[in-house]
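Structural overview for review
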Amino acid sequence: MPVTPNAQHKKKPFWKWLSVLGPGLTTGAADDDPSGIATYSQTGAQFGYGQLWTALYMLPFMTAVQEACARVGLVTGKGIAAVVKENYNKWVLYIVVGIVVVANVINIGADIGAMASAAQLLIPLPFVLLTLVFTIGILLLEVFTNYKVYSKILKWLALALLAYPITVFIIHQDWPTVLRASVVPHVEFSFAFLFIITGVFGTTITPYMFFWEASQEVEEEHEKHLIKKGKPVISWKNIHTMRQDNTAGMLISEFTTWCILLVGATVLHNSGVKDIKTSADAARALEPLVHTFPNAGYLAKLIFSVGIIGLGLLAVPVLSGSAAYAVAEAFDWKASLNLKFRKAKGFYLIIIIATVIGLGINFIGIDPVKALVYTAVLNGVAAVPLLFLIVKISASDAIMGEYKSGWLSKTLLWITFVVMGAAAVALFFTI
């Protein structure tokens, strides 16, 4: 049946909106990486609905932080590390780059371990062999695929997040209780509560996202030929398009976070599972999705494993890539996923080295599931000094000109800095 002009007209707004999705969507999806899934699942299992409110309350702050980072990249045509290098003392640069590289390498190791552990639920192969297979596959994908193809692959991998929202709406929920817990904050001043909520903060507002989204905006500018004589030629239209992409990505990310927390609370906590020790324990959260099918336990493991592996394939390149952008910008190396290996050897070598060191972390006897949660807590602490710097850069008239942060952006950014700083300090005081 031929499509009428009217029908074509109706389709255009949706496809136009879909076409603006890029760095914001990819960054938001990468935020719900294996570390995020493990942390949110553990939170739901341990505290039930007690931290469900964090998804709603963190949304505006997460959106503001990522919008500021994306805006810095879009306005300056440079990544975060390059902007720091141009405007601050070299020791500030080294500290910033050091924080993101160390945090990312540990996160890479935890994610690779989680992917291998999840794959073992389906394939009876040695853990070491699976970590090697995933590491080699990710490196081949990241180093030898051009940016245009690679960015499309990352968008499709984001679909792996759908398992949790589907599960939420097929489980019987006490919706009045759920909605109340989603809106009314619940806080406990105990080490266990503050430890896991720092992890929730850290895996939601996390250092690698700051660097990745800023650098990807620069990649997009090069792709669209918006950089002339080394400077971006943009308008408020470009800023508005970026904000649409960023807001969509963060909304999807936080809705998924809420779903993972809720599934963990409803399926695991309410059935007496308070501590997730293995990937199989975490996979049980998805059993209601397939409970009417034969071999429901295996199907739950399959769906969980596909999600963990798919999001790991998305997140590990983001982690190594953001570390590589930071180091390359610090030393004035060429840095772009659009460039071939021979034209950006330093950039790609950092990607390879960060990934291989992350792989090595799995061979020192760390439990893969616990490593994911501890990595999230580390990110929560590491993000605090970086947030301070982002607040200052994004509000600088000298750096950002007419596109500097307005009062709303500055307010949200300062609140984020104070809250995450307070959570980190309170955690140390309760140790």
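This text gives an overview of the structure that appears in the document. Computed from a prediction, not measured in an experiment: that's the story for all the values here.

Cut-off values and rules
- Residues numbered from 1 in each chain as written.
- Predicted model: local features only at pLDDT ≥ 70, side-chain atom pairs only at ≥ 80, totals over all residues.
- Heavy atoms only, no water.
- Salt bridge = Lys/Arg side-chain N within 4 Å of Asp/Glu carboxyl O.
- Helix = DSSP H or I, 4+ residues; strand = E, 2+ residues; numbered from the N terminus.
- Buried < 20%, exposed > 50% of the residue type's maximum accessible area, 1.4 Å probe, protein only.
- 1 Å grid on protein atoms, 1.4 Å probe; cavity = no way out; pocket = protein on both sides within 12 Å on 5 of 7 lines; lining within 4 Å.
- Points joined across faces, edges and corners; volume = space filled by probe spheres on them.
- Nonpolar A, V, L, I, M, F, W, Y, C, P; charged D, E, K, R; others polar.

A separate point is the pattern of salt bridges. Inspection of every chain in the model, using the stated rule, returns 8 salt bridges. The shortest N-O distance in the salt bridge between E67 and R243 comes to 2.9 Å. Here E67, found in helix 4 (residues 53–76), pairs with R243, found in helix 13 (residues 236–268); they are 176 residues apart in sequence, far enough to count as distant. For E67, a relative accessible area of 8% gives the class buried. Overall, R243 belongs to the partly exposed group, its relative accessible area being 31%. When salt bridges that share partners are traced, they join E67, R71 and R243 into one network.

Glancing now at empty space enclosed by the protein. All chains considered together, the criterion is met by 2 cavities of 30 Å³ or more. Roughly 100 Å³ of volume is contained in the largest cavity. Every residue lining the largest cavity is listed: P34, I37, A38, A114, A118, I276, S279, A282, F304, I308, V369 and L372. Those elements that provide at least two residues to the lining of the largest cavity are helix 3 (34–47), helix 6 (90–119), helix 14 (279–283), helix 15 (296–330) and helix 17 (368–394). Per-element tally for the lining of the largest cavity: the top contributor is helix 3, with 3 residues. In terms of residue class, the lining of the largest cavity is made up of 11 nonpolar, 1 polar and no charged. Looking at the second largest cavity, its volume works out to about 30 Å³. Along the walls of the second largest cavity sit I80, V84, F210, F211, L386, L389, I390 and I393, which together make up its complete lining. Grouping the constituent residues of the lining of the second largest cavity by class yields 8 nonpolar, no polar and no charged.

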